[in-house]
Number of protein chains: 2
Amino acid sequence: MSYYQKLEQHARKLSRLGHLSAICGWDQAAMMPSGGAEARSEAMAELAVIAHELSTADYLADWFEQAEQEQLSDAERISLAALKRQWMMHNILPADLVEQKSLLGSQCEHAWRTQRKENDWEGFKQNLIPVVNLARKEAAIRSKATGLSLYDALLDLYEPGMTSEVLDGIFADVKSWLPQLIQDVQNKQKNEAVLPLTGTFPIVEQNALSLDVMKLLNFDFNHGRLDISTHPFCGGVSTDVRITTRYDETDFTSALMGVIHETGHARYEQGLPHQWRDLPVGQARSMGIHESQSLFFEMQLSRNIDFARKLAPLAQKTFNRETDSALTAENLNTINTRVKPGFIRVDADEVTYPAHVILRYEIERDLIEGNIEVDDIPEIWDRKMQAYLGIDTKGNFKDGCMQDIHWTDGSFGYFPSYTLGAMYAAQFMAAMKKVVDVQAVITSGDLSPIFTWLETNIWSKGCTLSTDELVKQATGETLNPRFFQQHLMARYL
Amino acid sequence: MSYYQKLEQHARKLSRLGHLSAICGWDQAAMMPSGGAEARSEAMAELAVIAHELSTADYLADWFEQAEQEQLSDAERISLAALKRQWMMHNILPADLVEQKSLLGSQCEHAWRTQRKENDWEGFKQNLIPVVNLARKEAAIRSKATGLSLYDALLDLYEPGMTSEVLDGIFADVKSWLPQLIQDVQNKQKNEAVLPLTGTFPIVEQNALSLDVMKLLNFDFNHGRLDISTHPFCGGVSTDVRITTRYDETDFTSALMGVIHETGHARYEQGLPHQWRDLPVGQARSMGIHESQSLFFEMQLSRNIDFARKLAPLAQKTFNRETDSALTAENLNTINTRVKPGFIRVDADEVTYPAHVILRYEIERDLIEGNIEVDDIPEIWDRKMQAYLGIDTKGNFKDGCMQDIHWTDGSFGYFPSYTLGAMYAAQFMAAMKKVVDVQAVITSGDLSPIFTWLETNIWSKGCTLSTDELVKQATGETLNPRFFQQHLMARYL
Ligand SMILES: [Zn+2]
Ligand SMILES: [Zn+2]
């Protein structure tokens, strides 16, 4: 067996342990009674230890050195690079830092769950400071190993190849037109009639509607399921993707749009190249590209009148409300495209969402680079919310800088992926429209040509191309925020 | 850390891997779409390899030797013995035999699924012969290591301490009165009126009834769930017990009695001593004792008129059939206590079941001891079915000697556990009745005193006592088949 093959075998082993961890993690969120939690955590931790030992085994350095000398095909060389990146990511940090990060992170997150409710910034700050300090240490170590700047070394974990220099340019552009656009859209929508949903939408019926819409989106039920969990997510493994949702009996659209979003994530996973299933090269390209697929489904595909015309009859029939005028295609689409600046990122619409992300990006970048301190966050948060969205968050920490879970466990560098995803999604749709009559396809009810384009250009590529190369091959150019701007203007003005 | 503590830590590690395997195994049966099967098998096999490597690690022999020299408490010494037994069980067989057993077993089982349908004994025989030959080899190795006879060395895997000498005595006793009892019961029931169930019992309603009855049986829903699978089982882990059932829309009693059975298994698991959760000493005593708990619930507790009086109103209400005379307590109890000799063991009633088991025991014992060959099975099967149940199985292999899965993968020695369980259950009930007014307790609707007795005398003991000692402490004597006979005579004559 060649050294490359040994590395492949090793990666498959790790991937299989990851499989078990993913399924048990899904079970924990969707199935497990709470009394099972303690033993489950212990079991999951044991598996994590075994996986960590495997990932950091001494012999791997030698194997990589040997493998790099071997005669390899182009595909194998790309796979080897992906294997090496994964190995390095696991081995850069000293064990005690990893342990401390996990410890401080769970302490901070645990306390945050109460502190947020109590608007207790002073208390939260005490836990966040050590988390930030450790993240700076992590950034320094990663920066030294990769040659990237401090923040970029963290960003690289989620968006390989992306830098804050590029992001700064893109986001400066967005900031130059977004606040005005938000104003204009609100003015336009001011006099738009929207009928609110009334009454109850039973969970069993919402679930049936979700399954119907997943079918419309060609979700592969032979390789996945839909279930319920407190925090919706897309989990499991690519051969068996588990998506979850949470139903609100007074408003079926929130769960439904959530299911459509997770179905986008799921179809990306289901469409990954099966032959490399257990190898890094067969995984999703990046967090941003993953989000581009969920947002393609949720935003590009679903929040428009053509799709609403497919959705409305299904909803009317499922809820037995053929005559409810709130459930017409026009009204559902109006509900799904309302724009309203608000405090909370996860509740934000497509137009105001980027403002939430840019604000967080700017703060976390400056935090990690050491230009600001934790103490400065509330004041900066408030100033930027005023500037970007016209919203006052003074003294309101719980709906301000304490609203997200991301920083509590030290996941700095993640936020940009959300808006990168929205931009890639818009760019993919623009490219797709050159070869697919999207409107006609949606109207036909057989959406396959849309998914075939995504499968061919995105899903089947796995991790074989850099993000830039992937986007260039799919759309003719690398990331260009103009498509996103044009999309928002076309849809909302 | 002492060597005993090292062994404990090692066992906990193995137990945690077992936890993940149990949950993923449950998922496979109850949740997983079929497209996930291949990757799941690979992941489960990978975990099995890791667990096997841990179980057979070189250093363990030395650890056990050292631990045996250490100062240990009585509890630790018992635990050490249980640890050692588990370790030896894993290490007696050479790796190539284990591998071949798994290979031949799955080949035979896989082919059996079609061959059984086609009544193809000649084809099945070709696969069964090598399985039996390998089981004989296994028996020889285990016999040499344990000093037990060939068959007893396999029996010991499921019923530690039980021997064929004891079984022969017990079963000779049963055979002396059972055929006549079956005759007498049938004569008595000949003129009994029984109203068949009619119409449809929707699955959602059956599920609601199952949950109600599980509540009546104090199933701990904070440490377990009920779901659906093709082959009902009790799985998961003791902190999170997963039971499954399969619903038949024309007959709710089959699933319901199955749920009650699995609830018995589940409550045993839920009641095991928590402080030894991850150690062999904290596990169930034996397969026979496990089955005694499920059969206590299903047979001793539930198939009588007092329990039927609790069940009937629940069923009437759930199915909205307050006036259906098939759903009276009396009629449900008549349905639940019908005796009719039949071909199929898993469909057999409480009275005829032991005949099925004794027949299988006698055949598998003689097979393993080398007194008969695979070729002899159909003729012996037919002769014994005629003698014990008055049933002709000539030429009918699929409802005769090909009906069970047990022999296909070489699980010889398992069958006696079923009837041992029924006997222990009867003995436990007789002992319990000396201190608990079981009828009054059932009638009150709060069944806790019954479960407290079981918890105190059986569940909380885990594996700290030998089976004989456990039964003696609980009932005043070791296994005595007279209680089972008296139970059958009291209930059915
Ligand atoms: Zn997403
Ligand atoms: Zn059972």
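One can find the structure itself at the top, above this paragraph.
The model shown is predicted, which means the values in this text are computed figures rather than measured ones. (Residues numbered from 1 in each chain as written. Chains lettered and ligands numbered in written order. Predicted model: local features only at pLDDT ≥ 70, side-chain atom pairs only at ≥ 80, totals over all residues. Heavy atoms only, no water.)

On to the coordination of the zinc ion (ligand 1). Residue and element names in this part refer to chain A. Every protein donor of the zinc ion (ligand 1) is listed here as His261 (NE2), His265 (NE2), Glu291 (OE) and Glu291 (OE), and their distances to the metal cover 2.1 to 2.8 Å. Considering all 4 donor atoms around the zinc ion (ligand 1), the spread of angles at the metal, 49 to 124°, places the coordination shape in the irregular class. Site description for the zinc ion (ligand 1): donor spacing in sequence, H-x3-H-x25-E. Taken as a pair, His261 and His265 lie in helix 10 (residues 252–271) at a separation of 4 residues, close to a single helical turn. A relative accessible area of 11% places His261 in the buried class. Classification of His265 by relative accessible area gives buried; the value is 11%. (Donors = N, O, S within 2.8 Å, 3.2 Å for Na, K, Ca; no water. Tetrahedral: all angles 85-135°; square planar, octahedral: opposite > 155°, others 65-115°. Helix = DSSP H or I, 4+ residues; strand = E, 2+ residues; numbered from the N terminus. Buried < 20%, exposed > 50% of the residue type's maximum accessible area, 1.4 Å probe, protein only.)

Our next topic: helix 11 (residues 287–301) of chain A. Residues and elements named next belong to chain A. Compared with an ideal rise of 1.5 Å per residue, which puts 15 residues at 21 Å, helix 11 spans 20 Å between its outermost C-alpha atoms and is within 8% of the ideal. Approximately 40° is the largest bend angle found in helix 11, and it occurs at Leu295. Across the 15 residues of helix 11, 14 count as buried, placing the element largely inside the fold. Taking the backbone nitrogen of Gly288 as reference, a side-chain oxygen 3.3 Å away marks Ser286 as the first, capping residue of helix 11. (Expected span 1.5 Å × (residues − 1). Bend = angle between axes of the 7 residues up to and from the residue. Polar contact = N/O pair within 3.5 Å; in protein donor to acceptor, adjacent residues only side chain to side chain.)

So, on to the coordination of the zinc ion (ligand 2). Residue and element names in this part refer to chain B. Only His261 (NE2), His265 (NE2), Glu291 (OE) and Glu291 (OE) from the protein coordinate the zinc ion (ligand 2), and they sit 2.1 to 2.8 Å from it. Each of the 4 donor atoms around the zinc ion (ligand 2) contributes to a set of angles spanning 49 to 124°, which defines the coordination as irregular. Sequence spacing among the residues donating to the zinc ion (ligand 2) works out to H-x3-H-x25-E. Taken together, the residues His261 in helix 10 (residues 252–270) and Glu291 in helix 11 (residues 287–301) connect sequence positions 30 residues apart.

Before going further, it helps to examine the interface of chain A and chain B. Many authors give the size of an interface as the accessible area that is lost as the parts come together. In this complex, chain A contributes 34 residues to the contact, which on the side of chain B involves 34 residues. Counting each side, the surface lost to burial between chain A and chain B is near 3,100 Å², with a carbon and sulfur contribution of 57%. Counting the surface chain A buries against chain B, the share from its top three residues, Arg16(A), Leu20(A) and Glu46(A), is 17%. Run the count over chain A and chain B and you get 14 salt bridges. Note that Glu38(A) and Arg277(B) form a salt bridge whose closest N and O atoms lie 3.7 Å from each other. Elements represented by at least two residues in the side of chain A that touches chain B include exactly helix 1 (3–30), helix 2 (37–55), strand 1 (224–228) and strand 3 (240–245) of chain A. When the residues that make up the side of chain A that touches chain B are grouped by side-chain class, the tally is 14 nonpolar, 8 polar and 12 charged. (Contact = heavy atoms within 4.5 Å. Buried area = accessible area lost by both parts, 1.4 Å probe. Salt bridge = Lys/Arg side-chain N within 4 Å of Asp/Glu carboxyl O. Nonpolar A, V, L, I, M, F, W, Y, C, P; charged D, E, K, R; others polar.)

What follows concerns the sheet that holds strand 2 (residues 234–237) of chain B. Hydrogen bonds between backbone groups are what pair the strands of a sheet, and the pairing can be parallel or antiparallel. Residues and elements named next belong to chain B. Strand order across the open sheet formed by 3 strands is 1-3-2, with mixed pairing between neighbours. Pairing within the sheet leaves two strands with one partner each, and these edge strands are strand 1 (224–228) and strand 2. Here the strands of the sheet are splayed against their neighbours by 20° on average, with no regard to which way each runs. Pairing of strand 2 with strand 3 (residues 240–245), which is carried by 4 bridges, proceeds in the antiparallel orientation. Each residue of the ladder has a partner; that of Gly236, found in strand 3, is Val241. Across the sheet, helix 9 (residues 203–216) is in contact with strand 1 and strand 3; its angle to strand 1 comes to roughly 155°. (Pairing = 2+ DSSP bridges. Axes fitted to C-alpha atoms, helices over the stretch in contact; angles between N-to-C directions.)

Following the sequence through the fold, Ala75(B) ends up in helix 4 (residues 74–91). Spatially, the C-alpha atoms of Ala75(B) and Ala29(B) are 37 Å apart, while their sequence positions differ by 46 residues.

Tallying each qualifying case throughout the model produces 74 salt bridges over all chains. Here Glu42(A) ties to Arg277(B) by a salt bridge, and the two come within 3.5 Å at their closest N and O atoms. Taken together, the positions of Glu42(A) in helix 2 and Arg277(B) in the loop between helix 10 and helix 11 put the pair across two chains. Here Glu42(A) falls in the partly exposed class, since its relative accessible area comes to 23%. Among the ionic contacts, a cluster of salt bridges with common partners joins Lys13(A), Arg16(A), Arg277(A), Asp278(A), Glu38(B), Glu42(B) and Glu46(B).

Using the criterion set out here, one finds 41 aromatic pairs over all chains in the structure. Note on Tyr59(A) and Trp63(A): the rings are 4.6 Å apart at their centroids and 35° apart in plane angle, and the pair reads as tilted. Placement of the pair is Tyr59(A) and Trp63(A) together in helix 3 (residues 59–69), with a separation of 4 residues, close to one helical turn. Under the relative-accessibility criterion, Trp63(A) is labelled buried at 16%. The rings of Tyr158(A), Tyr353(A), Trp381(A), Trp407(A), Phe412(A), Tyr414(A), Phe415(A) and Tyr418(A) are connected pair by pair, giving a single aromatic cluster. A cation over a ring is seen here: Arg267(A) above Phe451(A), with NZ or CZ 4.7 Å from the ring centre. Over the face of the ring belonging to Trp26(B) we find Arg242(B), whose NZ or CZ atom lies 4.3 Å from the ring centre. (Phe/Tyr/Trp six-rings, centres within 6.5 Å; stacked < 30°, edge-to-face > 60°. Lys NZ or Arg CZ within 6 Å of the ring centre and 35° of its normal.)

Right, let's talk about the relation of the copies chain A and chain B for a bit. For these two chain copies, the linking operation is a rotation about an axis paired with a shift along it. Expressed as a screw transformation, the operator carrying chain A onto chain B has a rotation angle of 180° and an axial translation of 0.0 Å, and the superposed copies differ by an RMSD of 0.0 Å. Expressed as a symmetry operation, the mapping of one chain copy onto the other fits a two-fold axis. The residues that chain A uses at the interface reappear at the interface of chain B in 100% of cases, marking a shared surface. (Least-squares fit on C-alpha atoms with pLDDT ≥ 70 in both.)

Time to look at the packing of helix 12 (residues 305–318) of chain A against helix 13 (residues 329–336) of chain A. Residues and elements named next belong to chain A. Packing of helix 12 against helix 13 leaves a shortest axis separation of 8 Å and a crossing angle of 120°. Here helix 13 runs oblique to helix 12, going by the angle between their axes. You can see that helix 12 and helix 13 cross each other, and the crossing is right-handed. For the pair formed by helix 12 and helix 13, the contact residues are Ile305, Ala308, Arg309 and Ala312 on the first element and Ala329, Glu330, Leu332 and Asn333 on the second. Of the residues assigned to the contact of helix 12 with helix 13, the class counts are 5 nonpolar, 1 polar and 2 charged. (Parallel < 35°, antiparallel > 145°, perpendicular 65-115°, else oblique. Left-handed = near helix turned anticlockwise from the far one by under 90°.)

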